[in-house]
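# Overview (structure and organization)
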Amino acid sequence: MNNEVRVRFAPSPTGYLHLGSLRTALFNYLFARHHSGKFILRIEDTDQSRKVEGAVENLINILNEMGLNYNEGPGVGGEFGPYFQSERLDIYKKYCDELLASGHAYYAFETAEELDEMRKVQQMQGKQTMYDRRARVLTENEVKEKLASGIPYVIRLKVPMDTEIRFTDIIRGNVKIDTNLVDDQVLLKSDGFPTYHLANVIDDHFMKITHIIRGEEWLTSVPKHIILYNAFGWELPQMAHVPLILNPDKSKLSKRQGDVATEDYLKKGYLKEALLNFMTLLGWNPGDGEEKEIFTKAELIEKFTIERVNSAGAVFNVEKLNWMNGEYIKNYDIDALTELVIPYLNAGGIDTSDLVKTKRVVSAIKNYISKLDEAAEQAKVYYNEVILNAEQNAIVNSETSKQVFALLLSKIEQLLEISTDNFKPTLSEVQKESGVKGKNLFMPVRLALTGEEHGPELGLIAYVLGKDEVLKRLKVFL
RNA sequence: GGCGCGUUGGUGUAAUUGGUUAACACGCCGCCCUCUCAAGGCGGAGAGUACGGGUUCGAUCCCCGUACGCGCUACCA
């Protein structure tokens with residue numbers, strides 16, 4: 001139990017689940033399950049100015065919908081809560097005071113305007129913009145006075161000078177950064193809330209996180225965290241910074257260039273299994289020359305290791321997602337698929353009250369769609385009323401067409417039921433006996449049954465319509 | 001600008017960790033199937049591993065430099 005793996009997904013509630021976050025959550029989840037460890041959800045809601053109504057609920061819903069169930073966190077509890085940072089303010093305060101007392105942090109009183117001014121000057125001088133650590137020289141009495149007079153303050157980290165922080169990232173290997181380049185980060189804001197850095201370190205420690213798996217954008221702030229761990233005398237968890245997901249132009253995946261919210265993809269009819277499979281393979285592969293690409297969640301859990309996560313960013317390729325989603329649709333259990341497809345058919349104005357027919361339709365279209373929102377368009381042909389234009393009427397009313405219809409009719413009447421297999425042979429018989437073949441044979445039948453010149457193979461159409469409906473439609477043109 | 005990270009066909013990834021005709025998938029093109037649009041089957045083009053130097057009998061793989069891309073550089077996460 002002592003060596004139990006504990007990882008966390010710690011999003012700030014922005015209102016939707018970004019695909020990049022989804023993948024981070026996914027990697028954490030797979031890692032935890034692979035090691036029979038715990039997957040924890042912690043909400044990083046320390047930025048009061050960015051609060052979004054309902055964001056947390058939405059986040060939890062999507063996580064659950066995606067099947068990334070967490071062992072501890074909002075709603076499920078756990079012995080290391082609370083799991084909202086906004087409910088842990090007293091903890092941060094306490095440890096910040098400790099830092100102050102041990103000389104690892106200090107008070108600073110600059111206003112936002114003063115800091116802006118400072119940066120502007122630095123910029124003009126061509127210097128690096130960072131806090132000039134001016135408050136470090138304040139005497140104890142000066143600090144006391146300012147505090148007493150009620151001037152707003154922040155607490156900053158006292159970064160040790162002239163040294164180098166080295167650490168090992170599971171994905172990136174050894175990284176080193178000169179501390180002179182590390183900012184005296186604000187730890188506690190003037191509103192009493194902690195910044196990410198402070199809250200993160202404290203929470204990870206008390207929640208006994210063993211592995212920090214998060215986005216690459218955090219890599220450069222690791223030194224700040226290490227300084228904090230050292231100041232507290234706490235053991236550093238292992239770290240793995242996963243690569244970013246990119247737009248086709250290689251910039252960080254953004255709203256401007258398409259959908260980035262997981263819920264948008266779900267809405268369009270990407271199956272969660274496919275999305276999970278695809279996202280996992282973006283920047284990871286099982287190695288060993290494995291050529292398979294379709295994996296069940298259980299397989300992913302079994303094979304997943306963070307060591308094999310790539311270090312380079314990966315372009316999000318929707319085309320491939322479409323293909324993979326199509327594969328999942330083709331192989332999905334038909335009853336389950338039908339259930340999933342029904343809302344999309346209804347949205348397209350298709351009446352699905354006849355479940356038997358609906359299921360036939362779904363089995364007919366599943367090979368032809370790559371996402372569920374294409375279902376209605378594909379299914380339309382099976383619900384069409386047959387309305388023909390002049391040209392099409394001429395085809396249907398030709399001498400040979402009438403002959404074909406009559407023959408076909410008599411043969412179908414003898415069939416017990418039309419199946420996907422027996423319709424084509426029946427047509428072949430008609431061909432032999434009537435001498436009509438090719439387009440002259442098929443097109444009239446297609447038009448009579450669907451009113452369309454294009455569409456799926458006739459066997460499929462006849463099967464979906466069923467014997468009675470086929471007969472009915474043929475009789476119209478006799 | 002500074003610092004950090006990265007770089008294998010258009011895209012996602014392989015390559016028994018220094019010895020392969022650099023492989024697979026998506027996409028693209030062609031053929032077959034065929035009444036049509038697809039699907040499916042078969043095949044093809046496409047990288048000499050960003051570039052330049054090393055180390056080595058031998059580098060996709062190790063080292064250095066350059067270029068390019070991305071990230072960070074907030075009292076946001």
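Check the entry above for the structure.
What you are looking at is a predicted structure, and each value in this text was computed from that prediction instead of being measured. Residue positions are counted from 1 within each chain, in the order its sequence is given. The lettering of chains begins at A and the numbering of ligands begins at 1, in the order of writing. Per-residue local features are limited, in this predicted model, to residues with pLDDT of at least 70; the limit for side-chain atom pairs, both in listing and counting, is 80 or more; totals at the level of whole chains, interfaces and linings are taken over all residues. Each side-chain value is worked out from all heavy atoms of the structure, with water and hydrogens disregarded.

For any two helices packed against each other, the geometry comes down to the angle between their axes and how far apart the axes lie. Remark: helix α1 (residues 19-34) packs on helix α9 (residues 272-280), axes separated minimally by 10 Å, with the N-to-C direction vectors making an angle of 85°. Classified by the angle between their axes, α1 and α9 sit roughly perpendicular to one another. Residues Leu19, Leu22, Arg23, Leu26, Phe27 and Leu30 of α1 form the contact with α9, whose participating residues are Leu276, Met279 and Thr280. The residue makeup of the contact of α1 with α9, split by class, is 7 nonpolar, 1 polar and 1 charged. Simply put, an axis is a line fit to the C-alpha atoms, just over the touching stretch for a helix, and the angle between two N-to-C directions goes from 0 to 180 degrees. A run of DSSP states H or I qualifies as a helix once it reaches four residues; a run of E qualifies as a strand once it reaches two. Both are numbered from the N-terminal end. Just so you know how the angles are binned, under 35 degrees is roughly parallel, over 145 roughly antiparallel, 65 to 115 roughly perpendicular, and the rest oblique. Contact between two residues is taken to exist if any of their heavy atoms lie within 4.5 Å; hydrogens are not considered. Following the grouping adopted for this structure description, the nonpolar residues are Ala, Val, Leu, Ile, Met, Phe, Trp, Tyr, Cys and Pro, the charged ones are Asp, Glu, Lys and Arg, and the polar ones are all others, Gly among them.

A few words on the pairing of strand β5 (residues 164-169). Each residue is assigned to one of three classes by its accessible area relative to the maximum for its type, calculated with a 1.4 Å probe on protein chains only: buried under 20%, partly exposed between the two thresholds, exposed over 50%. Side chains of β5 alternate between two faces, with Ile165, Phe167 and Asp169 buried and Glu164, Arg166 and Thr168 left unburied. Strand pairing follows a simple DSSP-based rule, namely that at least 2 bridges must link the two strands. As paired elements, β5 and strand β6 (residues 173-178) share 6 bridges and run antiparallel to each other. Paired with Thr168 across the strands is Asn174, a residue of β6. Remark: 3 residues form the turn of the hairpin made by β5 and β6, two consecutive strands paired antiparallel.

Pairing in this open sheet of 3 strands is antiparallel, and the strands run β3-β4-β7 from one edge to the other. Whereas interior strands pair on both sides, the edge strands pair on one side only; in this sheet they are β3 (105-108) and β7 (186-188). Between one strand axis and the next, the sheet turns by 45° as a mean value, whatever way the strands run. Summarising the sheet, strand β4 (residues 154-157) and β7 pair through 2 bridges and their orientation is antiparallel. From the neighbouring strand, Ile155 faces β7, where its bridge partner is Leu188.

This part covers the packing of aromatic side chains. Any Phe, Tyr or Trp ring, taking Trp's six-membered ring, that has another such ring centre within 6.5 Å forms a pair; planes under 30 degrees apart are called stacked, those over 60 apart edge-to-face, and the others tilted. Scanning the model with the defined rule gives 16 aromatic pairs in all. Plain terms: the ring middles of Tyr265 and Tyr270 are 5.5 Å apart, the flat faces sit at 45° to each other, and that makes the pair tilted. For Tyr265, a relative accessible area of 5% corresponds to the buried category. Ring geometry for Phe278 and Phe316: centres 5.6 Å apart, planes at 85°, overall edge-to-face. On the criterion of sequence distance, the pair formed by Phe278 in helix α9 and Phe316 in the loop between β11 (314-315) and α11 (318-331) is long-range, its members being 38 residues apart. For the pair Phe278 and Phe316, one class covers both residues: buried. Taken together, the ring pairs in this structure connect Tyr95, Phe206, Phe232 and Trp234 into an aromatic cluster. Over the ring of Tyr131 we find Arg156; its NZ or CZ atom is 3.6 Å from the centre of that ring. Should the NZ of a Lys or the CZ of an Arg lie within 6 Å of a ring centre and within 35 degrees of the ring normal, that charge is described as sitting over the ring. Of note, Lys357 hangs over the ring of Tyr383, and the distance from its end group to the ring centre comes to 4.4 Å.

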